[in-house]
Amino acid sequence: QQPVQSPQAVILREGEDAVINCSSSKALYSVHWYRQKHGEAPVFLMILLKGGEQKGHEKISASFNEKKQQSSLYLTASQLSYSGTYFCAPYYGGSQGNLIFGKGTKLSVKP
Amino acid sequence: DSGVTQTPKHLITATGQRVTLRCSPRSGDLSVYWYQQSLDQGLQFLIQYYNGEERAKGNILERFSAQQFPDLHSELNLSSLELGDSALYFCASSARPQMGTDTQYFGPGTRLTVL
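Residues numbered from 1 in each chain as written. Chains lettered and ligands numbered in written order. Predicted model: local features only at pLDDT ≥ 70, side-chain atom pairs only at ≥ 80, totals over all residues. Heavy atoms only, no water.

Student: So what's going on with the overall build of chain A? Which residues, and what values?
Tutor: Helix and strand content of chain A: zero helices and eleven strands. Secondary structure elements of chain A occur, N-terminal to C-terminal, as β-β-β-β-β-β-β-β-β-β-β. Relative to a compact globule of 111 residues, whose C-alpha radius of gyration would be 13 Å, chain A shows 13 Å and is just as compact. Dimensions of chain A, computed from the C-alpha atoms along their principal axes, are close to 45 × 30 × 20 Å. In chain A, buried positions account for 47% of the 111 residues. Sequence separation of 24 or more characterises 55% of the internal contacts of chain A that already satisfy a separation of 6 or more. Across chain A, the centroid of the 12 positively charged side chains sits 7 Å from that of the 7 negatively charged ones. (Helix = DSSP H or I, 4+ residues; strand = E, 2+ residues; numbered from the N terminus. Rg over C-alpha atoms; globule rule 2.2 N^0.38 Å. Buried < 20%, exposed > 50% of the residue type's maximum accessible area, 1.4 Å probe, protein only. Contact = heavy atoms within 4.5 Å. Lys, Arg positive; Asp, Glu negative; His and termini not counted. Charge placed at Lys NZ, Arg CZ, Asp CG, Glu CD.)

Student: An account of the state of the cysteines is requested, with residue identities and associated values reported.
Tutor: Enumeration according to the criterion identifies two disulfides over all chains in this entry. Here A:Cys22 is linked by a disulfide to A:Cys88, with a sulfur-sulfur distance of 2.0 Å. Disulfide A:Cys22-A:Cys88: torsion about the S-S bond near 70°, hence right-handed. Placement of the pair is A:Cys22 in strand S3 (residues 18-23) and A:Cys88 in strand S9 (residues 84-93), with a sequence separation of 66 residues. Residue class for A:Cys22 comes out buried when judged on its relative accessible area of 2%. For A:Cys88, a relative accessible area of 0% puts it in the buried group. Residue pairing for B:Cys23: its cysteine sulfur links by disulfide to B:Cys91, the two sulfurs lying 1.8 Å apart. With the S-S bond torsion at -45°, the cross-link from B:Cys23 to B:Cys91 turns out left-handed. Taken together, the positions of B:Cys23 in strand S3 (residues 19-24) and B:Cys91 in strand S9 (residues 87-94) put the pair 68 residues apart, joining distant regions of the chain. On the accessibility criterion, B:Cys91 (0% relative accessible area) is buried. (Disulfide = S-S within 2.5 Å.)

Student: Please provide a residue-by-residue account of the interface of chain B and chain A, values included.
Tutor: Taken together, the contacts link 17 residues of chain B with 17 residues of chain A. Around 1400 Å² of area is buried between chain B and chain A when both sides are counted, 63% of it from carbon and sulfur atoms. Taken together, the connections running from chain B to chain A amount to zero salt bridges. Run the count over chain B and chain A and you get five residue pairs in polar contact (both at pLDDT 80 or more). Mapped by element, the contributors of at least two residues to the side of chain B that touches chain A are strand S4 (31-38), strand S5 (42-50) and strand S6 (53-57) of chain B. (Buried area = accessible area lost by both parts, 1.4 Å probe. Salt bridge = Lys/Arg side-chain N within 4 Å of Asp/Glu carboxyl O. Polar contact = N/O pair within 3.5 Å; in protein donor to acceptor, adjacent residues only side chain to side chain.)

Student: Now, about the pattern of salt bridges: what can you tell me, with residues and values included?
Tutor: Pairing between side chains becomes possible if they bear opposite charge and their charged atoms approach one another. Residue and element names in this part refer to chain B. A full pass over the atoms with the stated rule returns four salt bridges over all chains. The partner of Asp85 in a salt bridge is Arg63, with the nearest N and O atoms 2.8 Å apart. Here Asp85 is found in the loop between strand S8 (74-78) and S9, whereas its partner Arg63 is found in the loop between S6 and strand S7 (64-68), with 22 residues between them in sequence. Its relative accessible area of 3% is what places Asp85 among the buried residues. The structure contains a network of salt bridges with shared partners spanning Arg63, Glu82 and Asp85.

Spelled out as structure tokens, the structure:
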């Protein structure tokens, strides 16, 4: 039940916006978002719980559509520091009681 | 710096050998998680311990085992190593046992190379 992330890669200029989508084939209890820079550890961005809750982190926000079983990450006015690979990690609960990471979306922000 | 420490940073060994990876969680965190990250499999959850007890199990091979000690540090033991075990191994920690709602903080990782 690995989630599907799209796009796989995106190149932005500084100041541009981007949306990263994460779709699941089954009902989600929560969705976690992480960013990983090359050679470094994943860094926590936010958790969204079912109920359509939207959370924000600096200029990065996200939404969770329980009905559509998907989450989206919004990056506005991107900065060079936003470059990295973004992972969504749904939590399904029950017998799948662990985070299942997507394959990631590689974001490159150019000056 | 997440506050999670892992040693060693790099490990090079031969097939058939056994290695131990060590992790110290953030101060106050009771949960420890182990993940494997490889190019073909991505980031995969292996196992979680909470306050010394196994809490959740993922795609952990039988050749791998882990434990969490009374001082809350954790060790991941990998035995009968194969070439395919070469990967980055991350440890993460969180305050509570509920994986779905708790923030996980990742350590810097141990890069294992099996020759």
